[in-house]
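# Fold and geometry: a report
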Amino acid sequence: MALTGNISGSNMEPPSGGAPKMTPAQASGFLARGYKAMQRGDFKEAGGCCSLVLKYFPDAKEAHFLVGLIGIESGDWATAKRAFRNVVSLDESHAAGWAQLARCCVTMGQYNLAEKALQNAMANKPEDPLVLDVIGNVHSLLGDQVEALCWFDRAKAKAKSSFFDLSRAKALTFLGRLDEAREALEAVLREKPDAAIAHWMISRLETVTDHTHLNVMQEIAARIPSGHPDASFLHYAIGKEFEDLSEWDEAFSAYEAGAKARRAHVTFDEAEETRLFETLEATLTPEWFERQATAGFDDAFPIFVVGQPRTGTTLIERIITAHSDVESAGELQQFAMAMKRVSETSSPRPMTPEIVEKIAKGDMKALGQLYLETTKTVRGSSAHFVDKLPVNYLYVPLIVAALPNAKIIHIVRDPMDSCFASYKQLFADAYYHSYDQEEMARHHVRYRNLMAQWREVVGPRMLDVVYEDTVADLEPNARKIIDFLGLEWQDACLSFHEQKSAVTTASAAQVRERAHTRSVGRWKNFEQHLGPMQSVLINADLTERSA
């Protein structure tokens, strides 16, 4: 996939009128400079190079393409989407442009648009392995891991490089083919022994029994520069393997180093989150809910599994989707996206107080209908589907008002176990509060207070499922869940671990085994290090100090 080609062709000549102030060769030079700037993280210079080229060559698809890549790398997906749309408008056969447009759409939760762009990318019969890899990733994000693996395999065959084994390993892990995933990751490490993400992925495949891999990772971590993006991957992987070996102090030191390394690259605005929670509580009251009695969209039967991450949401989803009448749609961004569209507001933030206030005055039927329309391509053909985006707990009253037939299952876990499970997890682009003990705990307090209000607002429309009770005694709790959903009991729900379907969360390896209680009270092994977290929860009366 050429990122900077020669600026030539009739549609790329400088604007008419007077001598050109930039030659095509100079434009290509600026794009090459912009690409190098993007690679080192200097998005300002990279964007400046693109702007300069587009001033003289407004139809230079190479420049628009680079703008799109800069948008992706900097997290500005809206800009990236516009740029790739410009690319395919200028060249409808631009497979890379279509593939990247599909990637933007699926990341932004625009699944129907993503499907259309993906079809156009494939119709242009791409051969570039980088484009094949992007197409595979879009299939993965749309929930089709088998198809994703096919495209990753094609990319690997074309490139003859282990670079694409990372993508293959991800899909193989999601599909539960863990031995093959390990083989793919080992191929990466044979070519690039210091590949931190490959070490991190290997660490998550199984429980280690010796220090062999730990020693390798520690040696790499000791020589990478402070602040390097790889540091967080290595520290979290090191922590996980020390924990496997019950070396609790060493594990915590690594987790703490990983959290600090990750936090250096992300920003958490606690004041803004607090304002969002306060607005939700003040706006979505019992009185507001009573006024929505007949407002929603009655069709379909979505099931929402909500709560904090790392609290058993995937376990509960697997119990439910083991039923023959239910399919998993994955972790969908659709409800929040529908809130923005119906309220005719936009924001780079996932949600804002202003959006909440506007949608509360909006059309609940339109909100429910739009959610169902935009999830068609990912929810399968079964009678019911599960949307397992944990953070949908924010919108429980809106979900119930917009979708009167929806069922909501809220997973409750011990506060200390819940907070520590998030603290020791390296997330992608979410849960930025989890990299600091006190901020993690204060977030949990806000979440608990919000859910207490939601119970008052929606009453029996939401079922609380206690993680500890479920793993200790599976059958009665599984039966309670299935009964709440109004489904006939099926014994397959007890054999959820035997499902062959893909799992795309951090629990991808763990859910292939039976329910167990190993994670209950696990935070106590680290208690001497968790004082800041515990103090916040004690002050909120959510936990007690151990004797």
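Quick caveat: nothing in here was measured; it's all calculated off a predicted structure.

### Re helix α15 (residues 270-283)
Taking 1.5 Å of rise per residue, 14 residues should cover 20 Å, and α15 covers 20 Å from first to last C-alpha, within 8% of that figure. All of the buried residues in α15 are Glu270, Glu272, Glu273, Leu276, Phe277, Thr279, Leu280 and Thr283. Tucked inside the fold, the buried residues of α15 contact α16 (286-290), α19 (353-360) and α23 (437-458). You can read the cap of α15 off the contacts: a side-chain oxygen lies 3.4 Å from the backbone nitrogen of Ala271, and it is on Asp269.

### Thoughts on the pattern of salt bridges
Within this structure, the stated rule accounts for 27 salt bridges. One network of salt bridges, with partners in common, ties together Glu270, Glu273, Glu438, Arg442 and Arg446.

### Things to note about the side chain of His384
Looking at where His384 falls in the secondary structure, it is placed in strand β3 (residues 384-387). Owing to a relative accessible area of 11%, His384 belongs among the buried residues under this scheme. In this structure, His384 is in contact with Phe301, Ile303, Asp325, Val326, Glu327 and Leu487, ignoring residues within four places of it in sequence.

### A short note on the packing of aromatic side chains
Following the criterion strictly, the structure yields 17 aromatic pairs and no others. When the centroid spacing of 6.3 Å and the interplanar angle of 25 degrees are considered together, the rings of Tyr371 and Phe385 count as stacked. Of this pair, Tyr371 sits in helix α20 (residues 364-374) while Phe385 sits in strand β3; the two residues are 14 residues apart in sequence, bridging distant segments of the chain. Judged by relative accessible area, which is 0%, Tyr371 ranks as buried. Ring geometry for Tyr393 and Tyr447: centres 5.1 Å apart, planes at 75 degrees, overall edge-to-face. One end of the pair, Tyr393, is in the loop between β3 and α21 (396-402); the other, Tyr447, is in helix α23, with 54 residues separating them in the sequence. Judged by its relative accessible area of 3%, Tyr393 is buried. By relative accessible area, Tyr447 is classed as buried at 3%. Feature note: the residues Tyr236, Trp248, Phe252, Tyr255, Phe420, Tyr423 and Phe526 constitute an aromatic cluster, connected by ring pairs. Of note, Arg154 hangs over the ring of Trp151, and the distance from its end group to the ring centre comes to 4.4 Å.

### Some thoughts on the nonpolar core
A general tendency of soluble globular proteins is for nonpolar side chains to be buried together. Counting 92 residues, the largest nonpolar core has Phe335, Met339, Tyr395, Leu398 and Trp454 as its most contacted members. The dominant element in this core, judged by the number of residues it contributes, is helix α5 (residues 95-107), at 9 residues. Not counting residues up to four positions away in its chain, the partners in contact with Tyr395 are Phe335, Ala336, Met339 and Met351. Within the second largest apolar cluster, 53 residues are counted, among which are Val188, Ala195, Tyr423 and Leu530.

### Points about the environment of Arg479
Tracing the backbone through its elements, the reader meets Arg479 in helix α25 (residues 474-484). On the basis of relative accessibility, which here comes to 35%, the residue Arg479 falls in the partly exposed class. Considering only alpha carbons, one finds Arg479 and Cys493, 14 residues apart in sequence, at a separation of 8.5 Å. Beyond its immediate sequence surroundings of up to four residues, Arg479 is in contact with Trp489 and Asp491.

### Things to note about unusual backbone geometry
The phi angle of most residues is negative, glycine excepted, and most peptide bonds adopt the trans form. Look at Glu344: it is not a glycine, yet its phi comes out positive at around 55 degrees. Inspection of the secondary structure assignment puts Glu344 in the loop between α18 (334-342) and α19. In the Ramachandran plot, Asp541 falls in the positive-phi region, its phi being about 60 degrees despite a non-glycine side chain.

### Some remarks on the packing of helix α3 (residues 61-74) against helix α4 (residues 77-90)
Direction vectors running N to C along α3 and α4 enclose 160 degrees, while the axes themselves pass 7 Å from each other. Judged by the angle between their axes, α3 and α4 are roughly antiparallel. Crossing handedness for the pair α3 and α4: left-handed. Residues Lys61, His64, Phe65, Val67, Gly68, Leu69, Gly71 and Ile72 of α3 lie in contact with α4, whose contacting residues are Trp77, Thr79, Ala80, Ala83, Phe84, Asn86, Val87 and Leu90. Tallied by class, residues from the contact of α3 with α4 come to 10 nonpolar, 5 polar and 1 charged.

Calculation rules
Residues numbered from 1 in each chain as written. Predicted model: local features only at pLDDT ≥ 70, side-chain atom pairs only at ≥ 80, totals over all residues. Heavy atoms only, no water. Helix = DSSP H or I, 4+ residues; strand = E, 2+ residues; numbered from the N terminus. Expected span 1.5 Å × (residues − 1). Buried < 20%, exposed > 50% of the residue type's maximum accessible area, 1.4 Å probe, protein only. Contact = heavy atoms within 4.5 Å. Polar contact = N/O pair within 3.5 Å; in protein donor to acceptor, adjacent residues only side chain to side chain. Salt bridge = Lys/Arg side-chain N within 4 Å of Asp/Glu carboxyl O. Phe/Tyr/Trp six-rings, centres within 6.5 Å; stacked < 30°, edge-to-face > 60°. Lys NZ or Arg CZ within 6 Å of the ring centre and 35° of its normal. Core = buried A, V, L, I, M, F, W, Y, C linked by side-chain atoms within 4.5 Å. Axes fitted to C-alpha atoms, helices over the stretch in contact; angles between N-to-C directions. Parallel < 35°, antiparallel > 145°, perpendicular 65-115°, else oblique. Left-handed = near helix turned anticlockwise from the far one by under 90°. Nonpolar A, V, L, I, M, F, W, Y, C, P; charged D, E, K, R; others polar.

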